[in-house]
Amino acid sequence: MKILIVGSGAREHAIGEKISQSPMCDKIYFAPGNGGTGKVGENVDIKVTDLDGLVAFAEKNKIDFTIVGPEDPLNLGLVDVFEDKGLKIFGPRKESARLEGSKAFAKDFMVRHNIATGQYIETSNLNQAIDFTKKLLDESSKAVIKADGLCAGKGVFIVDNLSDGEKYLRRILKTGDYGIKKVIIEEFLEGFEMSLIAFVDNHTIKMLPTSKDHKNIFDKDQGLNTGGMGTYSPNIQASPYLADLEEEILNPFLKGIQADKMDFRGVIFIGLMITADGIKVLEFNTRFGDPETQSILNRLDSDLLDLMIKTSEDKLAEADLVFNDKKVLTLILASAGYPESYKKGYEISNIHQLEGVKIYHAGTKLEDDKLVTAGGRVLSVVAIEDSFEEAINKAYKAAETIDFEGKYYRTDIGPQVQRFYIEEDLGDFEEIEKLLEKNNIDKSKIKVYSRYDYENLNQEEGKDLCKTLAGNKKSFYNLKAFDLQKTFEKALVVDLEKEAEFENMYLEKSLVLASSKEVNKNDFINLKRALLEILQGSDGKLLGVPTKIS
Ligand code: AMP
Ligand code: GLY
């Protein structure tokens, strides 16, 4: 098959790479592509908003299937134009793409179909807008102002005082800086964010792996909103909520499009906030996320082309979605100054000798065989490993190696898991004691710890939790007492929340055995093997999640 991919970002590069692995794929064109996509296929110089140009190209070159990456062509009706000419294409039609194109339309859809979202008003009237912003600021410390159009992630303002609020409201409603002169003003939702992406057609909805975006330009979520500075998958905070997400968000979404007789075939990408009051929708996007896609496609083992074709033919029910357990991290290298003004045209070097990472291009181009910067977000560095710890190391090592003037990246992409250990009495773990005896290992050389990984608590709360769980046992933030090199950590039953005193947090308990240096290598390996056997018979699994230890 001949495939046309519309777009020029790292998301399209990632889609292209994945599609190229399909046995059905013979040739890929990118319109317009970038300095990296030319290696996967052929770049053609047509803008994503040039609908006539894209149709003419597809007809002339007998394209079998077209995939639309970004939102602009969807909102202009590219899918309608293609389908009306009998050309096959992946993505929602214009009417359905309004779920992203108009925040007011999306909010109305959520309210009508009982999908939880923050309280809001939509208005074009400045006084009414100011009054509602004031009301929200009186009720809580912040309010959210959103221009009602497509603004590449830059039309959302979180304000904590009325004078800032008024400034943005005037820019949107009076000066018209963001296109349409209409705003959504919304209550500020407190919690943790996640990105949920699903394939959907008119009968079926199927979730892709969870991920988490980092939207702000600076570390610790400071500074302006961007298109996204990095992602990771899985979003470990979201794991306790998967069933709720199906029931409260995805199923009502499918019922909603059916009730509204909205023809929706493509992907729905839902921005969510998990709050103390439950899961709430922040926004809909009717396309793959960037940089979410770079992470999640590396967890998909199924044939992406087959999935997309089946979705576009309303046969998603027949498609197989198979995922792997890898931990994937995507780190964006950007041009200094992004998301505001930045310079382009700097040579990119040291990009070819990298080990253990994939590089997807975004704002790059080839000038006389020289790779140069050509946009705000320049490259996505993607590391795919068995643990986040390793993925983070690999991605950051590559980010340091790659060189271009003004290279900027966040230094804190990845799950912020914190960890403490509580020393347990070996006598409470009969099976382990027996194993030690069987392997002739001196019990005094082994210690058992409960290890707790948590996210979403501040330092004080973390300490309180540790105290509560430890009672009068010894606890540690770092397991230096024994030789960490020889610590083998196996997660036993993963039980969330039950032991937590705090709402809305992630907590994972694992059992850790640490051996002193005197246990020799062979004994150690035998013990590890024997332990694996115990685990396979229980609820345990090899620990793959935790990550950054702080
Ligand atoms: P949106 O384009 O609507 O997803 O907004 C962009 C970003 O602004 C989101 O990813 C959130 O980080 C933040 N945001 C949007 N709406 C809210 C809200 N109601 N409460 C808190 N943060 C929000
Ligand atoms: N990463 C956010 C987006 O694609 O809109």
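Up top you'll find the structure we're talking about.
For every chain, the first residue of its written sequence is number 1, and the numbers climb from 1 along that sequence. Each chain is given a letter, starting from A, and each ligand a number, starting from 1, according to the order in which they appear as written. With pLDDT at 70 or above as the cut-off, local features in this predicted model cover only qualifying residues; side-chain atom pairs require 80 or more to be listed or tallied, and sums for whole chains, interfaces and linings still use all residues. Excluded from the side-chain calculation are hydrogens and water; included are all heavy atoms of the structure.

(A) Summary view of the pairing of strand E17 (residues 278-285). Accessible area is worked out with a 1.4 Å probe on protein chains only. A residue is then buried under 20% of its type maximum, exposed over 50%, and partly exposed in between. Only DSSP runs of H or I with at least four residues qualify as helices, and only runs of E with at least two residues qualify as strands; both kinds are numbered from the N terminus onward. Along E17, seven of the eight residues are buried, which leaves the element largely enclosed by surrounding structure. Pairing between strands requires that DSSP locate at least two bridges from one strand to the other. Where strand E16 (residues 266-275) hands over to E17, the hairpin turn is made up of two residues, counted between the paired strands.

(B) Structural view of the site of ligand 2. Residue proximity to a molecule or strand is established when one non-hydrogen atom of the residue lies within 4 Å of it. Taken together, Asp213, Lys215, Gly227, Phe269, Arg287, Gly289, Asp290, Pro291 and Glu292 make up all the residues around ligand 2. Between ligand 2 and aspartate 213 there is a distance of 2.8 Å, counted from a nitrogen atom to a side-chain nitrogen or oxygen. Glutamate 292 is positioned with one of its side-chain polar atoms (N or O) 2.9 Å from a nitrogen atom of ligand 2. Only the protein chains shown count as cover for residues, and the accessible areas themselves come from Shrake-Rupley with a 1.4 Å probe. Summarising the interface, the protein chains cover 89% of the accessible area of ligand 2, which totals 200 Å² for the free molecule. Three classes are used, and their members are as follows: Ala, Val, Leu, Ile, Met, Phe, Trp, Tyr, Cys and Pro are nonpolar, Asp, Glu, Lys and Arg are charged, and the others, Gly among them, are polar. Classifying every residue of the shell around ligand 2 gives two nonpolar, two polar and five charged. Between N or O atoms, a polar contact is any pair within 3.5 Å; within protein, one atom must be a potential hydrogen donor and the other a potential acceptor, and residues adjacent in sequence are included only when both atoms are from side chains.

(C) Inspection of the environment of phenylalanine 188 at higher detail. Tracing the backbone shows phenylalanine 188 in the loop between strand E9 (183-187) and strand E10 (192-200). As a C-alpha pair, phenylalanine 188 and tyrosine 120 span 68 residues in sequence and 9.8 Å in three-dimensional space. Here, two residues are considered to be in contact whenever any of their heavy atoms come within 4.5 Å of each other. When neighbours within four sequence positions are excluded, phenylalanine 188 is seen to be in contact with Lys142, Ala143, Val144 and Ile158.

(D) Structural detail: the sheet that holds strand E3 (residues 42-43). Overall, parallel pairing links the five strands, which are arranged E3-E2-E1-E4-E5 in an open sheet. Both outer strands of the open sheet, E3 and strand E5 (89-90), are each paired with one neighbouring strand and no more. Bridge analysis of strand E4 (residues 65-68) against E5 gives two bridges, and the strand direction is parallel. Residue pairing across strands places isoleucine 67 opposite phenylalanine 90, the latter belonging to E5. Against the sheet, helix H11 (residues 304-312) contacts strand E1 (2-7), E4 and E5, and its axis sits at roughly 95° relative to E4. Helix axes are fitted to C-alpha atoms over the stretch in contact, other axes to C-alpha atoms as well, and angles between N-to-C directions run from 0 to 180 degrees.

(E) Representation of the pairing of strand E18 (residues 327-335) within the structure. Of all nine residues in E18, nine are buried; the element is thus mostly enclosed. Of the two faces of E18, the one lined by Lys327, Leu329, Leu331, Leu333 and Ser335 and the one lined by Val328, Thr330, Ile332 and Ala334 are each fully buried. Of the pairings in the sheet, the one linking strand E15 (residues 230-233) to E18 comprises four bridges and is antiparallel in character. Residue pairing for E18: threonine 231 is matched across the bridge by threonine 330. Relative to strand E22 (residues 377-385), E18 runs antiparallel, the two being bridged by eight bridges.

(F) Just the side chain of asparagine 216, in detail. When you line up the elements, asparagine 216 lands in strand E13 (residues 216-218). With relative accessibility at 16%, the residue asparagine 216 sits in the buried group. The residues touching asparagine 216, leaving out its near neighbours within four places in the chain, are Asp221, Gln222, Gly223, Leu224, Asn225, Thr226, Met229 and Arg410.

(G) Examining the nonpolar core more closely. In terms of nonpolar packing, the biggest core is built from 33 residues, with Ile3, Ile15, Ile19, Ile67, Phe199, Phe288 and Met308 touching the most fellow members. Listed by contribution, the elements that provide at least two residues to this core are E1, helix H1 (10-20), strand E2 (27-32), E4, E10, E16 and H11. For this core, the element with the most residues is H11, which contributes five residues. In this structure isoleucine 15 touches Ile5, Ile67, Phe288, Thr293, Leu297, Leu304 and Met308, once residues within four positions along its chain are discounted. By size, the runner-up hydrophobic cluster in this structure holds 30 residues, among which are Met207, Ala238, Val281 and Phe284. Buried Ala, Val, Leu, Ile, Met, Phe, Trp, Tyr and Cys residues that are joined via side-chain atoms within 4.5 Å together make up what is termed a nonpolar core.

(H) Structural detail: the site of ligand 1. Inspection of the region around ligand 1 gives 15 residues, with Glu186, Leu189, Glu193, Lys215 and Glu283 positioned closest. A distance of 2.8 Å is found between a nitrogen atom of ligand 1 and a backbone nitrogen or oxygen belonging to leucine 189. Here an oxygen atom of ligand 1 and a side-chain polar atom of glutamate 193 are 2.5 Å apart. Starting from 470 Å² of accessible surface for ligand 1 in isolation, the protein chains cover 94%. Elements with a contribution of two residues or more to the shell around ligand 1: strand E7 (143-147), strand E8 (156-159), E9 and E17. Tallied by class, residues from the shell around ligand 1 come to seven nonpolar, one polar and seven charged.

(I) Seen up close, the packing of H1 against H11. At a minimum axis separation of 7 Å, H1 and H11 run at an interaxial angle of 100°. Considering the angle they form, H1 stands roughly perpendicular to H11. Residues Ile15, Lys18 and Ile19 of H1 touch H11, and the partners they reach there are Leu304, Leu305 and Met308. In terms of residue class, the contact of H1 with H11 is made up of five nonpolar, no polar and one charged. Angle categories are assigned with fixed cut-offs, so that under 35 degrees is roughly parallel, over 145 is roughly antiparallel, 65 to 115 is roughly perpendicular, and the rest are oblique.

(J) Broad picture of the environment of serine 163. Note that serine 163 resides in helix H8 (residues 162-175). On the basis of relative accessibility, which here comes to 53%, the residue serine 163 falls in the exposed class. Along the sequence, serine 163 and lysine 134 sit 29 residues apart, while their C-alpha atoms lie 9.8 Å from each other. Separated by 3.1 Å, the side chains of serine 163 and asparagine 161 make a polar contact.

(K) Fine view of the pattern of salt bridges. Definition used for salt bridges: Asp or Glu carboxyl oxygen within 4 Å of a side-chain nitrogen of Lys or Arg. If you walk through the whole model with that rule in mind, you get 35 salt bridges. Put simply, lysine 146 and glutamate 186 hold a salt bridge, and the shortest N to O gap is 3.6 Å. Of this pair, lysine 146 sits in strand E7 while glutamate 186 is found in strand E9, placing the two residues 40 residues apart along the sequence. Across the pair, glutamate 186 and lysine 146 agree in class, each one buried. Via salt bridges that share partners, Asp80, Glu83, Asp84, Arg93, Asp263 and Arg265 belong to a single interconnected network.

(L) Molecular detail of the sheet that holds E9. With antiparallel pairing, four strands are arranged side by side in an open sheet as E6-E9-E7-E8. A strand with exactly one partner marks an edge of an open sheet, and here the two such strands are strand E6 (120-123) and E8. With strand direction ignored, the average angle separating the axes of adjacent strands in the sheet is 20°. Along the sheet, helix H7 (residues 126-139) makes contact with E6, E7, E8 and E9, crossing E9 at roughly 15°.

(M) Spatial organisation of the packing of helix H5 (residues 94-101) against helix H6 (residues 103-112). In contact at an axis separation of 6 Å, H5 and H6 are set at 95° when each is read in the N-to-C sense. Taken together, the axis directions place H5 and H6 in an arrangement best described as roughly perpendicular. For the pair H5 and H6, the contacting residues are Glu95, Arg98, Leu99 and Gly101 in the first and Lys103, Phe105, Ala106 and Phe109 in the second. Considered class by class, the residues forming the contact of H5 with H6 number four nonpolar, one polar and three charged.

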